[in-house]
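# Observations on the model geometry
Here's the letter readout for the chains.
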Amino acid sequence: GGAIVNVASTSGLRGFPNNSAYSSSKFGVIGLTLSAAGEYGTEGIRINAILPGPIDTPIIRDGEKKGLFDAASIYNSTLMKRLGDVDEVAKVLCFMLSDDASYVTGGKIPAQFLGSSRRLNHHNIAQWTVDGGYSAC
């Protein structure tokens with residue numbers, strides 16, 4: 001067995017202006033996660049993705065300096081009305097890699113995989129958003 005956690009983004013759930021390359025790469029990470037989970041889940045390898053939302057990183061600060069977006073409007077769009085901290089994402093990542101997450105459920109699983117011979121199911125794939133409620137609003 002084992003565990004792999006890919007880091008995607010809530011940008012992989014929806015597109016954003018001035019963000020096409022980043023969003024498309026994160027859509028790709030989610031697709032890779034789903035495919036790999038289907039390929040290796042029967043071998044006891046858990047492959048999951050976490051999807052951080054607005055996190056206080058250089059990407060946010062540099063984008064704001066370049067006038068690509070306004071960080072305040074982004075974090076005001078979260079239910080918690082703030083940017084997340086990298087340590088908050090790291091804690092979720094560590095949990096997902098730990099034995100404490102050995103039966104993690106709740107991923108977005110395309111219905112066509114649920115009855116397939118590849119046995120992708122809710123026991124071996126999860127996508128966690130770590131976004132202060134950003135994707136919930």
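Residues numbered from 1 in each chain as written. Predicted model: local features only at pLDDT ≥ 70, side-chain atom pairs only at ≥ 80, totals over all residues. Heavy atoms only, no water.

Named according to an unreviewed UniProt entry, the protein chain is Short-chain dehydrogenase/reductase SDR originating from Myxozyma melibiosi.

Right, let's get into the environment of Ile-55. Along the chain, Ile-55 turns up in the loop between strand E2 (45-52) and helix H2 (58-65). Classification of Ile-55 by relative accessible area gives buried; the value is 9%. As a C-alpha pair, Ile-55 and Tyr-75 span 20 residues in sequence and 8.9 Å in three-dimensional space. (Helix = DSSP H or I, 4+ residues; strand = E, 2+ residues; numbered from the N terminus. Buried < 20%, exposed > 50% of the residue type's maximum accessible area, 1.4 Å probe, protein only.)

Right, let's get into the pairing of strand E1 (residues 2-7). In this structure, E1 lies alongside E2, joined through six bridges in parallel fashion. Considered in E2, the bridge of Ala-3 is made with Arg-46. Regarding the hand of the β-α-β motif, the stretch spanning E1, helix H1 (residues 20-40) and E2 is right-handed. (Pairing = 2+ DSSP bridges. Right-handed = clockwise from strand over helix to strand, strands pointing away.)

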